[in-house]
Amino acid sequence: MISVYSGISIKAGGKTYLACSAEVIESTRIRAVCRERKRFGRGFEVVFEKSLWDLRVREGRGVSIDDLEFIFGSEDEACKFVNEILSVTYNRVIGEIQKTVVEYLERRSGILGIYARLRRSPRSTLLLFAESLKECQVDPIECLLQRLREEVKALYKGFNEKLRAILADVPADIQ
Amino acid sequence: MGFVPRCGVCGSKISYTLSVEELLEIPSVERPREEAIFLLVDYGAGFPLQQISPRGVYILNIALGDEDSLSEGLIMFRRLRSRLWPEYLREYGDRLNRLLKIHGVDWSSNRFVLMGSSSPLALLTSYSKAIDPLNTLLITLIPGENVSAPEAVNSYSTMWIIDRRGLSSLIVTEGFLDEISGYSEELGYIEGGDALIYIIRYIVSSSKEISRSVSEDRELGIRYYGLAAVIGAYSTVFRDSSHAMKSLVYRVSIDIAMRSIQSIHIIAAAPRDMQGYIETSYREFIRGFGGLLNHTLSFVEKGGRLGTYDLVAIIGFRDRPEFEWLRKAYESVRSGNPEVDVSLLGDQRV
């Protein structure tokens, strides 16, 4: 959960806005509101919205998101801001991908374990699957292999779908 | 420019997407090959398997018991109320076929089946399409004349299936089991079932040679065999190995006329220094047969202090053997119970 940051300055288009606040909306977008005061007449608000995926660089107290530069009161605060952005963008996605890949590889290695066992002791492996080979009309080894191939394919398909869902909100150019 | 991961060792570009796709490829598994497969069909739990299990030979016991059971080396079916084969075929025919494949009965081209023909499982095994007639030698025990009617029906029907499917079969009659005996340096005096196992051990350990001979005979139209053996031959009993070989034809496990003998395959197990004598005796012995289509001699070196030797002969003949007492019992039962009519099975196989 990203905090609401206030008291920051924002540089945009060669101009610096003071007394701005920023908060995350729609999970991966940031909305910054700056209040401009006119010497005469009423002040007005300037609103900026950017995707957090457009985080570019941090230098000292400044953090660039696309063409905006957010300037914080301290470097610590800027770092905290960057970390919080990463926690909902790159780090979150990488974490989810890692989890999905690990789960996929674990399940795949379970299937490969049956292969290894089939090579090492084919008879006992076939006997283990005797019930599921009930309908097998050809060579039982071929039936078991076919079943394992289908499982590997289904696993891969599921893995791909999960991966696609994870990457759905990631900008296309960094997918 | 985007992030391009590179291999830390060779520096080439890494594509995670392609790597994941490569994981789709899975290794192949070759069908195993085994030296020989030996099936024991309803031959009793007391069969000393270790005695006939040289390395590389898979022994599968197909038995009847109190409950179904399946493990490496065993297929056990629950004994049914009926003693006749039709109920067993209905209940277990498909399952036996499937389980024989799962047990890899086709992983060797040297396949032997020892079965008492009076067991319903003998018919099921002979009838199963998992048993390829081209690479199988059945060792079929035929019951004597005092056999019960259900056993006679099973036995006759099994022989009918063996004939119809063109399986090669070595016939051993009950009378032969009563008569066979001999002396072994390791086991002492042996007779009956023990002597048969002693002989079968030679057949299984010479499985390649015997399978090749049976296969050649098959091409020549020879599918039935008798078994003969001299166990523990010694110079004070037989003047020489030639006499011992000649005595084989009087010890055959089934009554066959000399003139109907078409092939002879001998396994001689003797000390190495006897090999020359045995080969000479063999040539002389074979000359005594007119019209032999095939003959072979396999020599197996045998140790021992006394210098005894064993001769095992598989004697091939073409005509289907007839067992009148089995046929009579079968006809009698079939007239009252048409279900046992084995000819109804035709050429269909489970």
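Rules used in this analysis
Residues numbered from 1 in each chain as written. Chains lettered and ligands numbered in written order. Predicted model: local features only at pLDDT ≥ 70, side-chain atom pairs only at ≥ 80, totals over all residues. Heavy atoms only, no water. Pairing = 2+ DSSP bridges. Helix = DSSP H or I, 4+ residues; strand = E, 2+ residues; numbered from the N terminus. Axes fitted to C-alpha atoms, helices over the stretch in contact; angles between N-to-C directions. Buried < 20%, exposed > 50% of the residue type's maximum accessible area, 1.4 Å probe, protein only. Contact = heavy atoms within 4.5 Å. Expected span 1.5 Å × (residues − 1). Buried area = accessible area lost by both parts, 1.4 Å probe. Salt bridge = Lys/Arg side-chain N within 4 Å of Asp/Glu carboxyl O. Polar contact = N/O pair within 3.5 Å; in protein donor to acceptor, adjacent residues only side chain to side chain. Nonpolar A, V, L, I, M, F, W, Y, C, P; charged D, E, K, R; others polar. Core = buried A, V, L, I, M, F, W, Y, C linked by side-chain atoms within 4.5 Å. pLDDT = per-residue confidence, 0-100. Disulfide = S-S within 2.5 Å.

Next up on the list: the sheet that holds strand 7 (residues 68-71) of chain A. All names here are of chain A. Spatial strand order, 4-3-2-1-7-6-5: 7 strands in an open sheet with antiparallel pairing. One side of each edge strand has no neighbouring strand; the edge strands of this open sheet are strand 4 (44-51) and strand 5 (55-59). Taking the axes of each pair of neighbouring strands and ignoring which way they run, one obtains an average angle of 30 degrees across the sheet. As paired elements, strand 6 (residues 62-65) and strand 7 share 4 bridges and run antiparallel to each other.

So, on to the environment of Glu72 of chain B. Tracing the sequence through the fold places Glu72 of chain B in the loop between strand 3 (69-71) and strand 4 (74-78). Look at Glu72 of chain B and you get partly exposed, because its relative accessible area is 48%. When the C-alpha atoms of Glu72 of chain B and Gly104 of chain B are compared, they prove to be 11 Å apart, with 32 residues separating the residues in sequence. If we ignore the near neighbours within four places in the chain, the residues touching Glu72 of chain B are Arg123, Ser124 and Leu127 of chain A together with Tyr58 and His103 of chain B.

On to helix 9 (residues 275-287) of chain B. For helix 9 of chain B, built from 13 residues, the straight-helix expectation of 18 Å at 1.5 Å per residue is met to within 8% by its first-to-last C-alpha distance of 19 Å. Here the buried face of helix 9 of chain B lies against helix 8 (241-248), strand 11 (261-270) and strand 12 (294-301) of chain B.

Listed by partner, the interface residues are 26 residues for chain A and 23 residues for chain B. Ranking the residues of chain A by area buried against chain B places Arg123, Leu127 and Tyr156 of chain A at the top, with a combined share of 31%. Viewed at the interface, chain B and chain A are joined by 2 salt bridges. One salt bridge connects Arg123 of chain A with Glu34 of chain B, and the closest N-O pair in it is separated by 2.8 Å. In this assembly, chain A and chain B are joined by 5 residue pairs in polar contact (both at pLDDT 80 or more). The set of elements that each furnish at least two residues to the side of chain A that touches chain B consists of helix 2 (90-120), helix 3 (122-128) and helix 4 (140-167) of chain A. When residues of the side of chain A that touches chain B are assigned to their parent elements, the largest contribution, 8 residues, is made by helix 4 of chain A. Split by residue class, the side of chain A that touches chain B holds 17 nonpolar, 2 polar and 7 charged.

Another aspect to go through is the nonpolar core. Leu39, Ile62, Leu100, Ile266 and Leu311 of chain B are the most contacted members of the largest nonpolar core, which has 101 residues in total. With 10 residues, the top contributor of residues to this core is helix 4 of chain A. If sequence neighbours within four positions are ignored, Leu39 of chain B has contacts with Leu60, Ile62, Leu100, Val105, Phe112, Val113, Leu114, Thr125 and Ile131 of chain B. Core analysis: the second largest hydrophobic core is formed by 35 residues, Ile59, Leu141, Val172 and Ile210 of chain B among them.

A few words on the confidence of the model for chain A. Per-chain confidence: chain A averages 88 in pLDDT, with 95% of residues scoring 70 or above. The secondary-structure element of chain A with the lowest mean pLDDT is strand 5 of chain A, recorded at 88, while helix 3 of chain A shows the highest, at 95.

In this section: the environment of Arg61 of chain A. Residues and elements named next belong to chain A. Topologically, Arg61 is positioned in the loop between strand 5 and strand 6. When near neighbours in sequence (up to four residues on either side) are disregarded, Arg61 contacts Phe70, Ile71, Phe72, Gly73, Ser74, Glu75 and Ala78. A polar contact is formed between the side chain of Arg61 and the backbone oxygen of Phe72, at a distance of 2.7 Å.

Phi at Ala19 of chain A takes a positive value of approximately 50 degrees, unusual for a residue other than glycine. For Ala19 of chain A, the location among the structural elements is in strand 2 (residues 15-25). Classification of Ala19 of chain A by relative accessible area gives exposed; the value is 54%. Not every positive phi belongs to a glycine, and Asp42 of chain B is a case in point at roughly 45 degrees. Mapping Asp42 of chain B onto the fold places it in the loop between strand 1 (36-41) and strand 2 (57-65). Residue classification places Asp42 of chain B among the partly exposed positions, given a relative accessible area of 25%.

Attention now goes to the state of the cysteines. In a disulfide, the sulfur atoms of two cysteines are held together by a covalent bond. All names here are of chain A. Counting across every chain of the model gives 2 disulfides over all chains. The disulfide bridge from Cys20 ends at Cys34, spanning 2.0 Å between sulfur atoms. Between Cys20 and Cys34, the S-S dihedral sits near 110 degrees, and the bridge is therefore right-handed. With Cys20 in strand 2 and Cys34 in strand 3 (residues 29-36), this residue pair connects regions lying 14 residues apart in the sequence. In terms of burial, Cys20 and Cys34 fall into one category: buried. Each disulfide pairs two cysteine sulfurs, and for Cys136 the partner residue is Cys143, the sulfurs being separated by 2.0 Å.

This paragraph deals with the pairing of strand 3 of chain A. Residue and element names in this part refer to chain A. The pairing of strand 2 with strand 3 spans 6 bridges and is antiparallel. The partner of Cys20 across the bridge, within strand 3, is Cys34. Note that strand 3 and strand 4 share 8 bridges and pair antiparallel. Its bridge partner lying in strand 4, Arg35 is registered against Glu45.

Residues and elements named next belong to chain B. Strand direction decides the pairing type here: strand 2 and strand 4, joined by 5 bridges, are parallel. Bridge pairing links Asn61 to Leu74 in strand 4. As defined by bridge partners, strand 3 adjoins strand 4 across 3 bridges and the pair is classed as antiparallel. In the strand pairing of strand 4, Leu70 is matched with Ile75. Where strand 3 hands over to strand 4, the hairpin turn is made up of 2 residues, of which Gly73 adopts a positive phi near 85 degrees.

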